[in-house]
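# What the coordinates show
If you want the building blocks of each chain, they are given just below.
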Amino acid sequence: MSDRRRLLVLGATGSIGTQALDVVARSHGELELVGLSAQRSWEQLVAQARQTGVARIALSEPDAAARAAEAWTGGEVLSGAEGLVRLVVESEADLVLNALVGSAGLGPTVATLGEGIELALANKESLVVGGELVTALAEATGAQILPVDSEHAALHQLLAGCAPGSVRRLTITASGGPFRGMSVEQLEQVSVQEALAHPTWSMGGKITIDSATLMNKGLEVMEAHHLFGTPYEQIDVVVHPQSTIHGLVTLADGAMLAHIGPPDMRLAIAYALHGGESVDLPIEPVDLVGLGALTFEPVDSRTFPCLSLARAAALAGGTAPCVLNAANEVAVHAFLAGRLAFTAIAAVIEATLERLPAERVSSFDALYEADRGARELASETVAALA
Ligand code: NAD
Ligand code: MG
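The rules behind these values
- Along each chain, numbering runs from 1 in the same order as the chain's sequence is written.
- Chains and ligands are labelled sequentially in the order written, the chains with letters from A and the ligands with numbers from 1.
- Local features in this predicted model are restricted to residues whose pLDDT is 70 or higher, and side-chain atom pairs enter the listing and the counts only when it is 80 or higher, whereas totals over whole chains, interfaces and linings include all residues.
- Each side-chain value is derived from all of the structure's non-hydrogen atoms; neither hydrogens nor water enter the calculation.
- Residue types Ala, Val, Leu, Ile, Met, Phe, Trp, Tyr and Cys, when buried and joined through side-chain atoms within 4.5 Å, form a set referred to as a nonpolar core.
- Each residue gets one of three labels from its accessible area relative to the maximum for its type: buried under 20%, exposed over 50%, partly exposed in between, using a 1.4 Å probe on protein chains only.
- The helix count covers DSSP runs of H or I at least four residues long, the strand count covers runs of E at least two residues long, and both are numbered beginning at the N terminus.
- Two residues form a contact once any of their heavy atoms are found within 4.5 Å.
- What makes a residue near a molecule or strand is one non-hydrogen atom of that residue sitting within 4 Å of it.
- Two N or O atoms form a polar contact when they lie within 3.5 Å of each other; inside protein one atom must be a possible hydrogen donor and the other a possible acceptor, and for residues adjacent in sequence the pair counts only when both atoms belong to side chains.
- Each accessible area is a Shrake-Rupley result for a 1.4 Å probe, and residues are judged covered by the shown protein chains and nothing else.
- Each residue gets one label: Ala, Val, Leu, Ile, Met, Phe, Trp, Tyr, Cys and Pro are nonpolar, Asp, Glu, Lys and Arg are charged, and the others, such as Gly, are polar.
- For the domains described, the bounds stem from an automatic or database domain assignment.
- Two strands pair under a simple rule: DSSP has to find at least two bridges between them.
- Look down the strands so they point away from you; if going from the first strand over the helix to the second traces a clockwise path, that crossover is right-handed.
- As used here, buried area is the combined drop in accessible area, with a 1.4 Å probe, of two parts when they are placed together.
- Here, a salt bridge means any Lys or Arg side-chain nitrogen found within 4 Å of an Asp or Glu carboxyl oxygen.
- Two kinds of site are reported from a 1 Å grid over the protein atoms alone, namely cavities, where a 1.4 Å probe fits but cannot get out, and pockets, open sets with protein on both sides within 12 Å along at least five of seven lines, and residues are called lining when an atom falls within 4 Å of a point.
- Grid points are joined across faces, edges and corners, and a volume is the space filled by probe spheres set on the points.

### What about the nonpolar core?
Membership of the largest hydrophobic core comes to 55 residues, with the highest contact counts inside it found for Phe-179, Val-249, Leu-324, Leu-340, Phe-342, Ile-345 and Ile-349. Counting residues per element, this core draws most heavily on helix α15 (residues 320-336), which supplies 10 residues. Leave out the neighbours within four places in its chain, and Ile-345 touches Ile-209, Thr-213, Asn-328, Ala-331, Val-332, Phe-335 and Leu-340. By size, the runner-up hydrophobic cluster in this structure holds 40 residues, among which are Val-9, Leu-31, Leu-45 and Leu-146.

Shown next as structure tokens:
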């Protein structure tokens, strides 16, 4: 792909966003940044704007946007949730990277696809919350969605080489997180600091906790289902502590294809930003002999109930995945703030799902409403447990 592509990076100050800027800097001008956004970290965003020369930035928090507008006169500063949507629809971008965290990413996903703009999607919560409507919108406008998640980028790349009808199952791997092998009793005592110490990946706080509870794999099963149209019963999760194989495809004849790479998100980011092509990156391939062995284990669903909760919500459908996601966000936030025990995260999600049975969804507004309602109930449960 040699055409110059105009790129917007939403969530530029985060873990994925900053790595994306590195990928752009190495693209030999193939990717041209036209805008950046963040929630409130205006100093970092202004520094990124100066460095990359973009003409527009957006900050979701109006106070932060006002401070940025005072400090930076090199371009336009947009403010609030509407500012973020304006950035998407007015920037004439060919490609948007959505690297926001949480269901806050759904609005920008909808705005991007609604404009028919190609979407590099790190914000898996968009697909968890609104999978059916999001993929229907992409189909209606003809906008492509390329995954920025190591397992899904791996599967995307593997599936590109598979004949239609030749795929039997998909497998995504889980590192198992920092608490692999622990008992429920041990988990009751873990600290925020221990939960944030991921063994193989360096990521933002929310996804790091999701990796420790295994909710991240639950979200990723839904992400795979919506991206590839694969039924839930054909998507497997296996624990693979080395995080070297990211995804596997089982073919009709029983053969398996595996995607192997170091745990470096720039691989998945570059793959998506370059339209599903492999480009030069300064990344050392895996040293197979140095590694010696790759191992696999089943998921311990009794100790880590979040994956089963997610699978059940996925099968229930309708508002259930949205409610699960909102409750998880509230619970993870409370855990990070020291207001909730690690093992209570699953309890908050389960209680919220019990109180809000799945309802059919016919509009994005219904999802925003379900998200709000679930957050309220989950916050009540957190307060009751505190
Ligand atoms: P992060 O917390 O490091 O960064 C999040 C970014 O989004 C920041 O720029 C922040 O300013 C912005 N943001 C947060 N809340 C917002 C809001 N309400 N409105 C507008 N902007 C907001 O997160 P991350 O680790 O980079 O993850 C981003 C997304 O990518 C998540 O959905 C995550 O699950 C997914 N992902 C991340 C990794 C990884 O390695 N970090 C891997 C796979 C998938
Ligand atoms: Mg992943």
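We are not done yet, so read on.
### Some points on the site of ligand 1
The full set close to ligand 1 counts 23 residues, and Thr-13, Ser-15, Gln-39, Glu-125 and Gly-204 are the nearest of them. Within the backbone of Ala-122, an N or O atom sits 3.3 Å from an oxygen atom of ligand 1. Here an oxygen atom of ligand 1 and a side-chain polar atom of Glu-125 are 2.7 Å apart. The fraction of the free accessible surface of ligand 1 (830 Å²) that becomes covered by protein chains is 87%. Listing elements by their share of the shell around ligand 1, those giving two or more residues are α1 (15-25) and α6 (124-141). Along the lines of polarity and charge, the residues of the shell around ligand 1 split into 12 nonpolar, eight polar and three charged. A domain split of the shell around ligand 1 shows at least three residues from each of domain 1 (5-147) and domain 2 (151-263 + 284-302).

### Some details on the pairing of strand β6 (residues 118-121)
The alternating pattern of β6 places Glu-118 and Ala-120 and Leu-119 and Leu-121 on opposite faces, both of which are buried. Bridging between strand β5 (residues 95-98) and β6 involves four bridges; their strand directions are parallel. Note on β6: the bridge partner recorded for Leu-95 is Glu-118. Following the chain from β5 across helix α5 (residues 106-114) to the adjacent parallel β6, one finds a crossover that is right-handed. Strand direction decides the pairing type here: β6 and strand β7 (residues 145-147), joined by three bridges, are parallel. Bridge assignment links Leu-121 to a residue of β7, and that residue is Pro-147.

### Re the domain arrangement of the protein chain
A common measure of how large an interface is: the accessible area buried when the components associate. Each assigned domain of the protein chain is listed with its residue range as follows: domain 1 (5-147), domain 2 (151-263 + 284-302) and domain 3 (317-386). Distance between the C-alpha centres of domain 1 and domain 2: 27 Å. The interface is formed by 13 residues belonging to domain 1 together with 15 residues belonging to domain 2. For the pair domain 1 and domain 2, the two sides together bury roughly 1200 Å², of which 69% comes from carbon and sulfur. When residues of domain 1 are sorted by the area they lose upon contact with domain 2, Lys-124, Val-128 and Pro-147 head the list and together hold 49% of the total. Applying the counting criterion to the domain 1 and domain 2 interface returns two salt bridges. Residue Glu-125 is joined to Lys-206 by a salt bridge in which the shortest nitrogen-to-oxygen separation is 2.9 Å. Broken down by class, the residue content of the side of domain 1 that touches domain 2 amounts to seven nonpolar, three polar and three charged.

### Side note on the pairing of strand β8 (residues 167-174)
The side chains of a regular strand alternate, residue by residue, between the two faces of the sheet. Strand direction decides the pairing type here: β8 and strand β10 (residues 245-251), joined by five bridges, are antiparallel. The residue bridging Ile-172 from the neighbouring strand is Gly-247, located in β10. Judged from the five bridges that link them, β8 and strand β9 (residues 235-239) form a sheet pairing that is parallel. In the sheet register, Ile-172 faces β9, and the bridge partner there is Val-237.

### Side note on the layout of surface pockets
In this structure, the second largest pocket occupies an estimated 220 Å³ of space. Lining the second largest pocket are 18 residues, with Gln-157, His-259, Leu-267, Ala-268 and Tyr-271 positioned closest to its centre. Breaking the lining of the second largest pocket down by element, the ones donating at least two residues are α7 (150-159), β11 (256-260) and α12 (266-273). Residue composition of the lining of the second largest pocket, grouped by class: 11 nonpolar, five polar and two charged.

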